[in-house]
Amino acid sequence: MSSTKYILGLFDDPDEMMHGIDKLQKNSIPIYDVYTPMPIHGIEAKLGIKDSRLGYAAFMFGCLGGTTIFTMVYYFLVHDWPMNIGGKPHFAVPDFIPVTFEWSVLFASFGMAFTFFYSTHLFPGRAPRVMDLRATNDRFVIAIDAKGNTPHEDITSLLKEAGAVEIKHNDRKYVSYE
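What counts and what doesn't
- Residue positions are given per chain, counted from 1 along the sequence in the order it is written.
- Two thresholds apply to this predicted model, a pLDDT of at least 70 for residue-level local features and 80 or more for giving and counting side-chain atom pairs, whereas whole-chain, interface and lining totals are computed over all residues.
- As a rule here, side-chain values cover all heavy atoms of the structure and leave hydrogens and water aside.
- Any residue with an atom within 4 Å of a point lines the site, the site being either a cavity, points on a 1 Å grid over the protein atoms alone where a 1.4 Å probe fits but cannot get out, or a pocket, an open set with protein on both sides within 12 Å along at least 5 of 7 lines.
- Grid points are joined across faces, edges and corners, and a volume is the space filled by probe spheres set on the points.
- Secondary structure elements are taken from DSSP: a helix is a run of H or I of four residues or more, a strand is a run of E of two residues or more, and numbering for both begins at the N terminus.
- Each residue gets one of three labels, nonpolar for Ala, Val, Leu, Ile, Met, Phe, Trp, Tyr, Cys and Pro, charged for Asp, Glu, Lys and Arg, and polar for the others, Gly among them.
- These domain limits were set by an automatic method or by a database of domain assignments.

A word on the layout of surface pockets
Part 1: When its volume is computed, the largest pocket comes out at roughly 1,000 Å³.
Part 2: In this structure, the largest pocket is lined by 31 residues; those nearest its centre are D33, I49, F116, S119 and T120.
Part 3: For the lining of the largest pocket, the secondary-structure elements that each account for two or more residues are β2 (31-35), α2 (43-47), α3 (54-80) and α4 (93-120).
Part 4: Here the lining of the largest pocket is composed, by residue class, of 17 nonpolar, seven polar and seven charged.
Part 5: No fewer than three residues from each of domain 1 (6-49 + 129-170) and domain 2 (54-119) sit in the lining of the largest pocket.
Part 6: Estimates place the volume of the second largest pocket at around 200 Å³.
Part 7: Along its surface, the second largest pocket is lined by L77, M83, I85, K88, P89, H90, A92, D95 and F96.
Part 8: Of the residues contributing to the lining of the second largest pocket, the split by class is six nonpolar, one polar and two charged.

Quick look at the structure:
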């Protein structure tokens, strides 16, 4: 029984890596993940990755911020400490619009940042999780779960045919920086 958990195909060129993804998908080999040193247009669609829901979170946090400040300002200026300023009514909504907008933006931006860090596990002080450190520099990496039913030799030959410059068999999920 092999202790290999992941088979990594390392590529020099993004086009060759995309060709490797096509070859693996044609042979029904599931791809665990792809690591690249730069964004590659169209890779999400090719891998079947869904659109991010971060925009929905931003909208909800913005609504929460707007509702929070609108409620606070209304309570402070109408119920808690009403003042007669120039004969204007206590509940003058146009006066609340700028601060309501600013708090909506503030809550949306901080909420998006916290949601992003939570969903990607990028907490302060946590070491990044990378299969191969060269994926952050000059290599394009396709990671394949080795526990599947496809023989390792078949996967290795498909990656070599696609133009992989190196093929590694990892026995652990992530590389540590120590």
